[in-house]
Amino acid sequence: MDEVILSVNLVWVMLGTILVFFMHAGFAMVEAGFTRSKNAVNIIMKNFLTISLGGIVYFLCGYAIMFGDSAGGFFGTSGFALNGVDDLSFFIFQTMFAATGATILSGAVAERTNIFAYIGVIILMSSLVYPVVGHWVWSDQGWLTDLGFVDFAGSTAVHLTGAVAALVAAVMVGPRLGKYENGRVNVITGHSIPLGALGVFLLWFGWFGFNGASTLAADPKLVPIVIANTFFAAAAGVVATAFYTQFRYGHIDGSLTLNGALAGLVAITAGAANVSIIGSIMIGLIAAPLLVEGVRFIEWKLKVDDPVGAIAVHGICGAWGTLAVGLFDIGGRGLFYGGGFGLLGVQAIGVIATIAWVSVSVTAGLFIIKAFVPLRVSSEEEVSGLDVIEHGAPAYEFQDIFKGSAVRGETFAHRLTHFGKTHTVVKEEHV
């Protein structure tokens, strides 16, 4: 019987591993859909490199720093290249998580970043930045673990880490050409909302493995709770974002509503095993206005150009979801369930510590990368599009609307130059 149970648990974790891997297709589609078609190949290449190179780097050193014998609760010191590691199922499951932080950053600096600089970022995130936070949160000897910090599947460890790195990188790389002109904030529209919607559905689907398999066992009581909470938080995020944008802007905003699903998913990830369905719905509902106002604040007040809204989705909603555990935990520690402020305070410490570590380490890492390769492409390369410049071919064949003949993407883009910004639709943001 024990062997049967072990086999069932193994199958469940491996199924979750496959689902989390498939989430990278969702990230690629969201990022490609929310940006311009002249950069679609570049985005796809970055996402393939993220999971591939990131996985190799995590195997070599990231897993050891994350789960090796602890040095004071801050980082691991053993298990490099899996030396002495026997549990491959846990390792490969964690490997699928490891690349997510760099993927989040990819969207925030899309359309203007040198791909070789981004490769440096993958190495930085997978070898050091993410594993250190993961050690604090998920290692049995991590200092946040000792405090009683709760982050079931990574609202802080994965999503807040990736978002803070994204914010630092977006500031250092700078905005896309034409984003901020003469005191105006311009919208540079994505080329395919349907592609973005497909990506969100893929992410939502994969998230059932992301959260569900984080039980690390096919627990008949816990798994249904985790999956139900995952669904209802996302659903609440969609509904609340749809109605909030109708109230805020006079219409249901398509791209923000899609991000509303991701906001709910990110927010519930910390407490998926610790809250009730009502709690998960409340977490998703509150994530929606935080997303909408967060996107606006980052874009308008901070003047940080984030083409896909990754910083608000993964950062603001990741922090909210982590803190929400201190409110909605039904195990006797949540403020709303008679647990006082203790857990809420511990959660806040974890959020602040993560922001501090990631800010410092990513800033230092990007300065080192910048010493070897430029962080962004030239203006000419950005205008022409990264597909042709960095990869030798566009993602699509376009119909020449001027001559009626099929032409390559770069020719089409050049023709659009006569009508304004190259291959870009620019309009004023909501007032």
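- Looking at an unreviewed UniProt entry, the protein carries the name Ammonium transporter, with the source organism given as Lysinibacillus xylanilyticus.
- We quote the UniProt Sequence similarities (unreviewed entry) comment for the protein here in full: "Belongs to the ammonia transporter channel (TC 1.A.11.2) family."

Some details on the overall build of the protein
Phase 1: Each helix and strand counted, the protein has 16 helices and five strands in total.
Phase 2: In terms of C-alpha radius of gyration, the protein reaches 21 Å, essentially the compact-globule figure of 22 Å for 431 residues.
Phase 3: Seen through its C-alpha atoms, the protein measures out along the principal axes to roughly 70 × 50 × 40 Å.
Phase 4: Going through the 431 residues of the protein one by one, you find that 56% of them count as buried.
Phase 5: Taking contacts inside the protein between residues at least 6 apart in sequence as the whole, the part at least 24 apart equals 75%.
Phase 6: Here the protein has roughly 17100 Å² of accessible surface; of this, 70% comes from carbon and sulfur atoms.
Phase 7: Side-chain charges in the protein split into 20 positive and 28 negative, and the spacing between the mean points of these groups amounts to 14 Å.

A word on the packing of aromatic side chains
Phase 1: Summed over the entire model, instances satisfying the criterion amount to 18 aromatic pairs.
Phase 2: For the pair Tyr58 and Phe91, a centre-to-centre distance of 6.3 Å together with 10 degrees between the ring planes defines the contact as stacked. Residue Tyr58 is found in helix 2 (residues 40-67), and its partner Phe91 is found in helix 3 (residues 88-98); the two are separated by 33 residues along the sequence.
Phase 3: Judged by relative accessible area, which is 0%, Tyr58 ranks as buried.
Phase 4: With centroids separated by 6.4 Å and ring planes inclined at 35 degrees, the aromatic side chains of Phe74 and Trp143 adopt a geometry described as tilted. In this pair, Phe74 sits in the loop between helix 2 and helix 3 while Trp143 sits in helix 6 (residues 143-147), placing the two residues 69 residues apart along the sequence.
Phase 5: In this arrangement the basic side chain of Lys46 is found over the ring face of Tyr118, its NZ or CZ atom lying 5.3 Å from the centre.
Phase 6: Positioned over the ring face of Trp300 is Arg296, at 4.9 Å from the centre of the ring.

Notes on the packing of helix 11 (residues 277-301) against helix 12 (residues 310-328)
Phase 1: Closest axis-to-axis distance for the helix 11/helix 12 pair is 9 Å, and the angle between their directions is 145 degrees. Taken as a pair, helix 11 and helix 12 cross one another with a handedness that is right-handed. Contact residues: Gly279, Met282, Ile283, Ile286, Ala287, Leu290, Leu291, Gly294, Val295 and Ile298 in helix 11; Ile311, Ala312, Val313, Ile316, Cys317, Trp320, Ala324 and Phe328 in helix 12.
Phase 2: Its residues placed into classes, the contact of helix 11 with helix 12 shows 16 nonpolar, two polar and no charged.

Here's the deal with the UniProt feature "domain: Ammonium transporter AmtB-like" (unreviewed entry) in the protein
Phase 1: In the UniProt entry, the feature "domain: Ammonium transporter AmtB-like" (unreviewed entry) is given for residues 11-396.
Phase 2: Between the end C-alpha atoms of residues 11-396 there is a gap of 39 Å, over a span that is 69% helix and 2% strand.

A closer look at the confidence of the model for the protein
Phase 1: For the protein, mean pLDDT is 92; residues scoring 70 or higher make up 92% of the total.
Phase 2: In this model, residues 399-431 is a region of pLDDT below 50 whose contacts with residues beyond four sequence positions or in other chains number 67 contacts.

Observations concerning helix 5 (residues 115-138)
Phase 1: Met125 marks the point of greatest bend in helix 5, at about 50 degrees.
Phase 2: Most of helix 5 is tucked away: 20 of the 24 residues are buried.

A look at a nonpolar patch on the surface
Phase 1: On the surface, a cluster of nonpolar side chains totalling about 390 Å² of accessible area is made up of Ile278, Met282, Leu285, Ile286 and Leu290.
Phase 2: Structurally, Leu290 can be placed in helix 11.
Phase 3: Among the residues examined, Leu290 registers a relative accessible area of 32% and is labelled partly exposed.

Rules used throughout
Along every chain, residues carry numbers that run from 1 in the direction the sequence is written. With pLDDT at 70 or above as the cut-off, local features in this predicted model cover only qualifying residues; side-chain atom pairs require 80 or more to be listed or tallied, and sums for whole chains, interfaces and linings still use all residues. Side-chain descriptors were evaluated using all non-hydrogen atoms of the structure, hydrogens and water having been removed beforehand. UniProt positions are given in the numbering used here, feature names are shortened, and annotations may be inferred rather than shown by experiment. Helix numbering and strand numbering both begin at the N terminus, where a helix is a DSSP run of H or I of at least 4 residues and a strand a DSSP run of E of at least 2. Only C-alpha atoms enter the radius of gyration, while the globule expectation follows 2.2 Å times N to the 0.38, with N the number of residues. To sort residues, take the accessible area from a 1.4 Å probe on protein chains only and compare it with the maximum for the residue type: under 20% means buried, over 50% means exposed, and anything in between is partly exposed. Any pair of residues with heavy atoms lying within 4.5 Å of one another is described as a contacting pair. Values of accessible area rely on a 1.4 Å probe in the Shrake-Rupley scheme; residue burial ignores everything except the protein chains shown. Only four residue types enter the tally: Lys and Arg on the positive side, Asp and Glu on the negative side; His and the chain ends are excluded. For this purpose, a charge sits on NZ of Lys, CZ of Arg, CG of Asp or CD of Glu. Two rings belonging to Phe, Tyr or Trp (six-membered ring only in the last case) form a pair when the distance between their centres is within 6.5 Å. Interplanar angles under 30 degrees mark stacking, angles over 60 mark edge-to-face geometry, and anything in between is tilted. We call a charge positioned over a ring when the NZ of a Lys or the CZ of an Arg lies within 6 Å of the ring centre and within 35 degrees of the ring normal. Only the contacting stretch of a helix is used when fitting its axis, a line to C-alpha atoms as for every element, and angles between N-to-C directions run 0 to 180 degrees. Left-handed describes a crossing whose near helix is turned anticlockwise from the far helix through less than a right angle; right-handed describes the clockwise counterpart. Classification convention: Asp, Glu, Lys, Arg as charged; Ala, Val, Leu, Ile, Met, Phe, Trp, Tyr, Cys, Pro as nonpolar; all other residues, Gly among them, as polar. Confidence scores here are pLDDT values: one per residue, from the predictor, ranging 0 to 100. To get the bend at a given residue, fit one axis to the seven residues ending there, fit another to the seven starting there, and take the angle between those axes. Without a salt bridge and with relative accessible area above 30%, a residue can belong to a patch; like charges are then joined within 9 Å and nonpolar side chains (Val, Leu, Ile, Met, Phe, Trp, Tyr) within 5 Å. We count a salt bridge whenever a side-chain nitrogen from Lys or Arg sits within 4 Å of a carboxyl oxygen from Asp or Glu.

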